Structure formats: structure tokens, C-alpha cells
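Fold and geometry: a report
Residues per chain are reported as follows:
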Amino acid sequence: MMTLTIDGKKVEVPEGTKVIEAAQKAGITIPRFCYHPALSIAGVCRLCTVAIEGQKKGAISCNTPVAEGMVVYTNTPEIQETRKGIYELHMANHPIDCPVCDQSGECVLQNYYMQVGRYKSAFKNTAEKVQKRKVVHLGEKIVLDTERCILCDRCVRFCNEITKNYELNRFNRGNHTEIGTFENRPLTGNYQENLVDVCPVGALLSKDFRFKVRVWWVEPVDSICNQCSRGCNIQLHVRKKGGQVQNTVFHPTNEVYRIKPRLHADVNSYWICDVGRYSYKQIHTESRLSQPLKKGPRGLQAKGWADAFEDIASRMRGIAQKSGPSSVAALGSAQHTNEENYLLWRWMKKMGTSPTVYHRAVPKGGRPGFHGDVDWGEFEDNLLIQKDKNPNTRGVQAVGFHKEFTLDGAGLLPAIERGEIKALYCLGDPLRDLQNKETFLSALSAMERLELLVVQDAYPSDLASRATWVLPGVTFAEKEGTFTNFQGRVQRIRKAIEPLGEAKADWEILSEFVKRFEGGEFSSAEGIFEALAQEIPAFHGMTYEMIGSKGVMLPLTQTLSPQSGERAKGEGFNP
Amino acid sequence: MDFLIEVIKVFVVAIMLLNMAAILTWVERKESALVQDRVGPNRASIFGMSLIGLLHPVADAIKMIMKEDFVPQHANRFLFKIAPALAVFPVFVVFAVIPFGDVLQIGERVIKLQIADLNVGILYIFALSSLAVYGVIIGGWASNNKYSLLGGMRAASQMISYEVCMGVTLVGLFMIFGTVELDDLVRYQGELIGGWIPKWGILVQPISFFLFLATAMAENKRIPFDLPEGDSEIVAGYHLEYSGFRFGMFFLGEYAEIVVISALVTTLFFGGWQIPYLYGNGFHFPWGAELAIVPWAVSLLQVGSFSIKVLFFCWLLVLTRWTFPRFRYDQVMRMGWKMILPLALANIVVTGIVLLIFN
Amino acid sequence: MAIVVQRKERLSLAERLYIPILLGGLVVTTRRFFRNLFHPENLVTVQYPEERRPISPQLRFRHRLTKREDGTPRCVACMCCPTACPANCIHIEPQEHSDPTIEKRPARFEIDLSRCVFCGLCVEACPCDAIRMDTGKLGSPSYQLKNMVVDIDFLLKG
């Protein structure tokens, strides 16, 4: 350990730490462009220059290792002047087109200009600036503006070190240096959008988000990605109802506009895959269930919630009384939260049966933004994407559903065929992603034998269209809850927008049934989690407070140290 | 022949009164505009001639006739419909006893320039103008609207209070002239005090004049006594629910009443049709000069004199409206009962004593 | 700050008599009446549709969008004006511009004049001098609210 003084504050850091990191620990943010905690040191931007006692010249803090007894000043008048000089050089060829630029509002160059730049420009007119290529399409996801680039090299290092596809590099020399791909080939891979996050300026922009909405109109809501069992920490950027600018007709509220990664050192670091990033599109698709539907003589008909609760509860009771509680079954879901699976389990317990089967989604084909030689359902890589594409497989197992619904439905389908099971409550659609067409059809016809089939899902499906009742649930952006990732880490998702139409959060629907079967009343996901933590051994002692932004491991063996990935609020997305 | 003459007189007076009322609406608008530095109505026109806004009353009349005659739900239809007539009728019949000239001699025939010379005269006026309150109260009650009802209630209390004062204020005048017959009243006012000063009511009973003017305005329900309508408080009071020509009748009645009040004030206090020093055959000035005028010209001058006086008071009443603010309800009541009534009573006593001493 | 009116405890006799005060009031209105009757040139009324008062050039009129030399709107759909707008009456849908140096242009640009408060903040916020309030035209009355939402063609015409 070494002790050094930064701006009069004493800090103790391990040997080999860079001054910029030590300063961060002391609570001092040194301005930087090229430094990124997850990437190697490039030392090209020179903005992090600090004064070190005993040295005549300033030193770049990102590449200066600490030394015992070092005395560092980060904000002396000379350093301020130096920074202004460096800033002017950075801005020499940077166009002042902030209003048009989509990065504006979360641009590091913009922010630091207001904090430490503010130089008096020596350039007489903007025509002296070097003109470079403006809108360069790098594949289907990224667009490059070489004029806005300040050549910090972060993107080059990301490609070299994180994805290791070496796609980006510098071209030309001096004033005419540009970032680009060889022969302008399109970028590939499932992590391209991270380049946008890494880029401190508006040089690399997401085509998906470009021109869509200004960043100051969206507000972040912390959540967890539901696209695979990695459970990447994300932020949903939404325009909430009652938000800042309400009435811009072309930018509707109650909508998720994009997904950005949230730092978690032990799960996803600073990154997320493009599939997770584009998953918000599933929230606002055309085909969503928005009303309770009941099977009638002319197909499914819209009904009210009160009808649905009353009818399902009384039919369940009737079947359980007539044919015994074992004729009632329920199907847990690895796509749903711990709370919801627990409520379903608790309800079934009250009815006198114990559910054991859960289902997992095994998606076929591709996903928006997915590049791979196999189906998304089979795909995995050694960076983030897990083979299991369900966010809560560990969770549903921990709650008590330990048999997976496979080709024969873990014995469920034969039991239905035999008429032993007369009522089935499905959380989600277990048949949606069945690979084999024949098994799919036989499973469907088996399901048709049921006296009562309830499907609770956010999307319509073949199974839902055969159900007695279809209850509209919601997507992960419209409800509270917890997911347990493949490591066994319980992490929170949060409600970002209001449910679509008459749809209700899934835990709300289930808690209504639990209430009707005298299993207790729950008015919030947090309340359900408390009951879950009491009843299910694996979750003992957990609370939402404990989960916080970092999650809790399952079983409760360790809580993570706070600094592993703690991020200062309001720092933007570029660390 | 006599009957024919009477009918002609009735028609002439009624039509004059109606036209006066219509023109007064124009006068009211123009005068208020001038008082407030505005131009006033000037848009209604025929063939591009707007005649300084004189066509607005015509436009108004057409509008009122064309408008829907709306009867509110749950209103008493019968009472609602007859109320405006009840309000307008007394105003018009009151004018029957007001002399607008002395006599007109055409050949042998002497025509009195008055429709009916009743010996009860002023009492008839009081009797009928008391009836006017029925129209207002019934209109207010039958509308099935709380504002209308409030307006009707206010009108009732206000009109009853001021009815009393109105009668009492004039008693002094009757004591001096010794008659309630209007024609006689006017004739007595032709006399001269000391050979120089005409014995007009205002000179012998000045207090009575002011009190009567105030009570008459209150009877007319106009600002500053417009509590029954009180737009800022109860929207439009008793005629809130009226539309079309039924509203027009209330409206017309109000302006006809201005004319009637002006005529009454003229008759009682300003010598009616009298012109000082003008007698049946010409002017006889106190300093001895004389000016002979043919009798028909004298009659004409007298009618002109009456008309000018009436017009002046119409103007004054309109001006009053655009000068004063509205009284508060309690102020109206206090003034009626605690100021005007005692003053009027005192006036009677003083007049009585003075008469005792001098006679 | 409220103005405290100091009232005399008791009214003077002249005031209590009402009549002198009332006559004073009548004198005022009468004087006005006759002055205006004989000198109508003093009247302040403006006969509106025929006669118009001169308007200050500084007044904020209905908006217009300025054009480039080639006639396309200067607007780059930067959303600064809807951000600044306190009435939330400006709606812009951006689009890619064919010229990469301009990058953005409005596909749709609508102002809801029925909501606009004519504060001029949009003009101040505009970095491109694309929106101005100098048409010299006031308001745009309509029988239907939806007709008061004006589109980009209307705004470009000015």
C-alpha cells in the first residue's frame, strides 16, 4: 500500500494504481477523454494532466503510477491553463454542431468544456477547420462522424481488447487522422453498440437511437436485462407520464426509447450485448395482450378483470372439489420474476397441490441486432451471452419448481391426456418456443382436453388462443420484481412505464388469486419478496434494501463490496 | 266623433311611448359611450347608411322577434309566459292620465291633450305602478332559477319599500296645490309667485322633488337601484331565463318606464306643459310686454315644452345610470326606510306648519 | 403590497346628504358627455377591422420558418425549441438530411397555435435562426382547434 496526497487529501492505494484512479478514490474526478477503466491506457488526450510536486512539467495522471509520499495537485491555475490549451487543440477540428448532434446532453466534450474548458478560441472562423467525412455508415447499427471524433482511441481499444475483432483503427496523419474500418467494411458482432457508449463525443452514434429523441427528454430507470441468464445491469431510458416535456406529439410518453448498460463489475462490467439493447422493441410491439379474454362460442372475447378473477377462482375451486386438488396444476416460468413464481406456488399450496414444473423459453431464429451462425436460442459466447436465454431459471428453481417442462412436459402432458389434470394455470406460454412441430401440435391438442386452461402472458400465442381464459400480463419494463441470474445473483427490475391498456403486472394478477384463496394480501412486489424470503430457504434474510443496485448471491453467502462497480450518479454513460 | 278622437289620442300616445322606449335604448348606448370616451353602436346599416347607430334599435327588435322563445324546464309555463305582459302593461296605462298639453282648439271643438282626466289622477298612477311588481315577482318565481327567484325577491322588497316612500314624498305637493288631479296640478303650476316666479313643484317642494326622483329610480330598478337585475351578483335577476320577445318586453317596459317617470317628474315638479308667462293667447311677461300667438301655435309650444322637459329627464336618468355605482342591498333598504321615509314625513309636517302659518 | 385606505370615522354632512356628492358625479359625466358630443375626435375607439393601430415591429407575431438559399427549411430539427417551449406546443419529427454536413431536417414541424403563448423562447433557443416571429400577422383564429395546428408548409410560407 502506498500513501499519497492529492489536493491536500491523503489516500492509501495499492502499488501500481494510477494517479487518476487514486484521485477517484479520494473523490476527485480528473477530466479525461481517453482513459476508460475497462480499457488499457492510451494516454493520447493529455487532458488528465496534473501537477506533481518535484516535477517541472505536468504529468498525465492516467499513466502515472502512484509513489509513496507523492503530492499531487489537480486544479492549480497552471493546470487550468494547460487544460484550456489542450481543450483548444481538441476542439480545433471539432464542429460546433451540438444542436444537431445526438450525443449532445451526454457528451463528455460538452460537459468538460463547461467545467474546465472555456478557453478563448484563437480561431478566427470555422472555415479553417479541417473538413472530414460526416455520415459514414459502419454496418447496420453504427454511424460514424469523423469530424466529431477527438481521436481518443477508446473505440479502437474496445475492438482490440474486449471484442478482439480489431475492426477499427486510425487512418491518415496529423490533422487528417480519422477513425475508420478497413475499406469502410461494416462492423460485425453483437457488441457494436458499446462503441457508442465508449465514445465520449458524437462520433460513433447508434442508428437505432439517432434522431429518435433528445437525451434530456428521457429519464433512466435501473433494471435487469431479460434476454439471457446473464442478468446484465441496464438502464431503461423512458419518457414517463408526467415527465418534463409532455406534449411533443411525435415523442409519445410512457415509452422506452433505448437501453443502456449499467456498471456491474461482477456481471456485465460496462457492456451489454446488442440483443439486450434492442430488447425494448418487444415492449412496444403491435402484438401484445391488453385485455382479459375468455373463450366464447365465437372465439376469445374481451372481458373485465372482475369477471376473470371471479370465474377462474370459482372454476378452480369447483374442479379441486370435484376431482381432488391433484387435478389442478400450475406451470412456473423462468421468464417471470421470483415474486410471481412464488405467488403461484403459494396459491397452489393453498389449494392443496404442489407445483413442480417450470418452463423455459428456447427462442428460435434470430433477434434484432443478433449476429451468429446458430439460433439465438443456441448461441453463447465467452463475453456476456449465456446459452440459457431465461432471466430467472435459477430463481424459479429456487422457489420450488424443479422439473423443466420438456418434450413431454415433465409428465404433465401425459397426465392431461389421461384426464388426471383438469385445470392448468400457465405463467407465460410453455409451448411458444417448442422446436419440434409435431410435439408442438400434440402438446396443443393435449392442452385442449383441459377443462380450464388459463394463460397469463404479455403476448398472444397459439396456446393462448386455445385457453379458457387469457390474462394480459406485462413485460419486464412495466413491473417490479427480482430476477436470479445464472450466478445465483438476485437483482431487481423496476417499473419504468405504465402497463399497456388494461394489462396488469403479473404479481398483481396472482396476488388477487392468492387473496381469494386466503393466502394473504400483497400490495407490492416488495411485500411479496419479504414473504418469499421468509418461506423459501434459499432466499432467507434477503430484502430489497439488501439487494440494492448490486444484487445478492443465492444462497446468501456474500454481499458485494460497495466499490466494486459503484458509479457516481449523473456522470453520464461514459465513465 | 269624440270616441274617434279618443282612439286617435290613445294610438298617438302609445306609439310615441313605444318609439321613445326604442329610441331610449339607442340613447342609452350612445350616451354611455360618450360618457366613457367611446363611439357607441354604429354598425347596423341599411344601404350603407348607419344613421349614427339609430338602426340598432330596429336590428334589436328584429333579433328579439326572430329569437327562440325559450321556456326553461320545470318552469311554470303559464306564469312564465304572462309575466312580461304583467310587467309592461301598467307602465303603458299609466301614461293615460298624464297631460301632455293644455287644449287644442280645432274649429269649434276643444280637445284636451290628455287621454283620460281622472279625478283620482296620481292615485291611479300609484295603484297601477304597484301592479308592475307582480310581473317581476312572477317572472322571477316562474323561471325555476335561483338567481331569478332572488331577483324577484329583491324586486318585491325594494319596490314595496319605495312604493310607500313614493306616495309619501308627494303628499306635501298635494297639500300645497290641494289636488291629486294631474291636469289641475299642471294648471296650478302655471301661477306665478309674486308675479314673477312660476309656481313649479320643484320650487315649492324641492326636497320632495329629490326624494321622488330617487324613489322613482328605485321603482324603475335601474342603477343605482338595479339590485333585482344585479348582473354581477345574480346574473340578470328576474329576467335571466327570458329570451326573445318576452325578454324584449321586460326591456321595453324598463325604457317605457323611464319615459313615464320623466313625464311624471315633469308634470309634478316642472310645470308639465307649462311655459312661464305663456297663456292661451300669447306671452304676458311680468314687466308688461306681451306677445300674441295664435291658439294652435300655443298648443304646439306647450306640447313641445312638455316633450323637451321629458327628454331632458330621460337623458338625466340615463346619465345617472352611467355615473353611479350600485347600492348594496342593505344600503337600499336603509335608505328607503331610514332616510327617505322620515325625510318625506318631516316634509309633510313642515309643509303643514308652513301652510297653517301662511293661510 | 396592499393599499390601506384610511377611512374617516364619520362622513361629513355634505357626504351624508348624498346629493352634493351625487351632483358632483353627474357634473363629471355630463362634462365628458358634452365634450365628446361636440369633439368626437377625442374618442379613443378604433374601428377595428377597417382601421388598425400601428404595431410595434418588436411585437412577437405568428411564427415562420426561415429558408436556405435553395428554399429548404433552415431548421435542423435539433429540438431546442420544443425543449424551451413552456406551452409544449411545438412538435418536430426529425429526418436524415441528404446533405451529410447538415445531417438533420424536420420531416414534420407543427406548432399548435391554440396552445402557444407567444413568449418567443423558441426564437431565442434556435441555434440556426430557423424560427422567427416576424410575420407581422397576429393569431390565426379558427372555428376548430385542430385547424390551429399549423404544419411546416404553412410556417415556411410565413
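Residues numbered from 1 in each chain as written. Chains lettered and ligands numbered in written order. Predicted model: local features only at pLDDT ≥ 70, side-chain atom pairs only at ≥ 80, totals over all residues. Heavy atoms only, no water.

Attention now goes to unusual backbone geometry. In this model, A:Leu151 sits at a positive phi of 60°, which is unusual for a non-glycine residue. For A:Leu151, a relative accessible area of 18% gives the class buried. Here the phi dihedral of C:Asn88 falls at roughly 50°; this positive angle occurs in a residue that is not glycine. The residue C:Asn88 is located in the loop between helix 3 (80-84) and strand 2 (90-96) in this model. Residue class for C:Asn88 comes out buried when judged on its relative accessible area of 13%. (Buried < 20%, exposed > 50% of the residue type's maximum accessible area, 1.4 Å probe, protein only. Helix = DSSP H or I, 4+ residues; strand = E, 2+ residues; numbered from the N terminus.)

All right, on to the interface of chain A and chain C then. Between chain A and chain C, the residue contacts involve 18 residues of the former and 23 residues of the latter. Where chain A abuts chain C, roughly 1900 Å² becomes buried across the two surfaces, and 64% of that area is made up of carbon and sulfur atoms. Summed over the shared surface of chain A and chain C, the result is three salt bridges. In this structure, the salt-bridge partner of C:Glu96 is A:Arg210, at a minimum N-O distance of 2.3 Å. Looking at the side of chain A that touches chain C residue by residue, the classes come out as nine nonpolar, four polar and five charged. (Contact = heavy atoms within 4.5 Å. Buried area = accessible area lost by both parts, 1.4 Å probe. Salt bridge = Lys/Arg side-chain N within 4 Å of Asp/Glu carboxyl O. Nonpolar A, V, L, I, M, F, W, Y, C, P; charged D, E, K, R; others polar.)

Quick look at the arrangement of the chains now. Between all two pairs of chains that are in contact, chains A and C come out with the most contacts. The two partners chain A and chain B share no contact, and the minimum distance between any of their C-alpha atoms is 38 Å.

Residue-level contacts link 20 residues of chain C with 18 residues of chain B. A combined buried area of about 1700 Å² lies between chain C and chain B, and 68% of that area is made up of carbon and sulfur atoms. Interface area lost by chain C to chain B is led by C:Tyr18, C:Leu26 and C:Phe33, which between them contribute 31%. Put simply, chain C and chain B have three salt bridges between them. C:Glu50 is the salt-bridge partner of B:Arg43, the closest N and O atoms lying 3.0 Å from each other. Counting the contacts that link chain C with chain B gives nine residue pairs in polar contact (both at pLDDT 80 or more). A per-element tally of the side of chain C that touches chain B places helix 2 (residues 19-38) of chain C first, with 12 residues. Taken together, the residues that form the side of chain C that touches chain B break down as 10 nonpolar, six polar and four charged. (Polar contact = N/O pair within 3.5 Å; in protein donor to acceptor, adjacent residues only side chain to side chain.)

Let us look at the pairing of strand 19 (residues 423-427) of chain A. All names here are of chain A. Within strand 19, five of the five residues are buried, which leaves the element mostly enclosed by the surrounding structure. Side chains Ala423, Tyr425 and Leu427 project from strand 19 onto one buried face, and the interleaved Leu424 and Cys426 project onto a second face that is buried too. The pairing of strand 16 (residues 328-333) with strand 19 spans four bridges and is parallel. For Val328, the partnering residue across the bridge sits in strand 19 and is Ala423. Sheet topology places strand 19 next to strand 20 (residues 452-457); five bridges connect them, and they run parallel. Residue pairing in the sheet places Cys426 in a bridge with Val455 of strand 20. (Pairing = 2+ DSSP bridges.)

The next subject is the packing of helix 7 (residues 305-323) of chain A against helix 13 (residues 506-516) of chain A. Residue and element names in this part refer to chain A. Interaxial distance between helix 7 and helix 13 falls to 11 Å at its minimum, and their mutual angle equals 50°. Relative to helix 13, the element helix 7 lies oblique. By crossing handedness, the relation of helix 7 to helix 13 is classed as right-handed. Of helix 13, the residues touching helix 7 (which contributes Trp305, Phe309, Glu310, Ile312, Ala313 and Arg317) are Ile509, Glu512, Phe513 and Arg516. (Axes fitted to C-alpha atoms, helices over the stretch in contact; angles between N-to-C directions. Parallel < 35°, antiparallel > 145°, perpendicular 65-115°, else oblique. Left-handed = near helix turned anticlockwise from the far one by under 90°.)

Tallied over the full model, the rule gives 52 salt bridges over all chains. The partner of A:Arg466 in a salt bridge is A:Glu448, and the shortest N-O contact between them spans 3.0 Å. On the criterion of sequence distance, the pair formed by A:Arg466 in the loop between helix 12 (462-465) and strand 21 (469-472) and A:Glu448 in the loop between helix 11 (437-447) and strand 20 is long-range, its members being 18 residues apart. In this structure, the salt-bridge partner of C:Arg32 is B:Asp37, at a minimum N-O distance of 2.9 Å. Remark: B:Asp37 occurs in the loop between helix 1 (2-35) and helix 2 (56-66) and C:Arg32 occurs in helix 2; the pair is interchain, linking two chains. Residues participating in the shared-partner salt-bridge network are A:Asp97, A:Lys134, A:Asp145, A:Glu147, A:Arg148, A:Arg210, C:Glu96 and C:Glu103.

Structural measurements only, silent on function.
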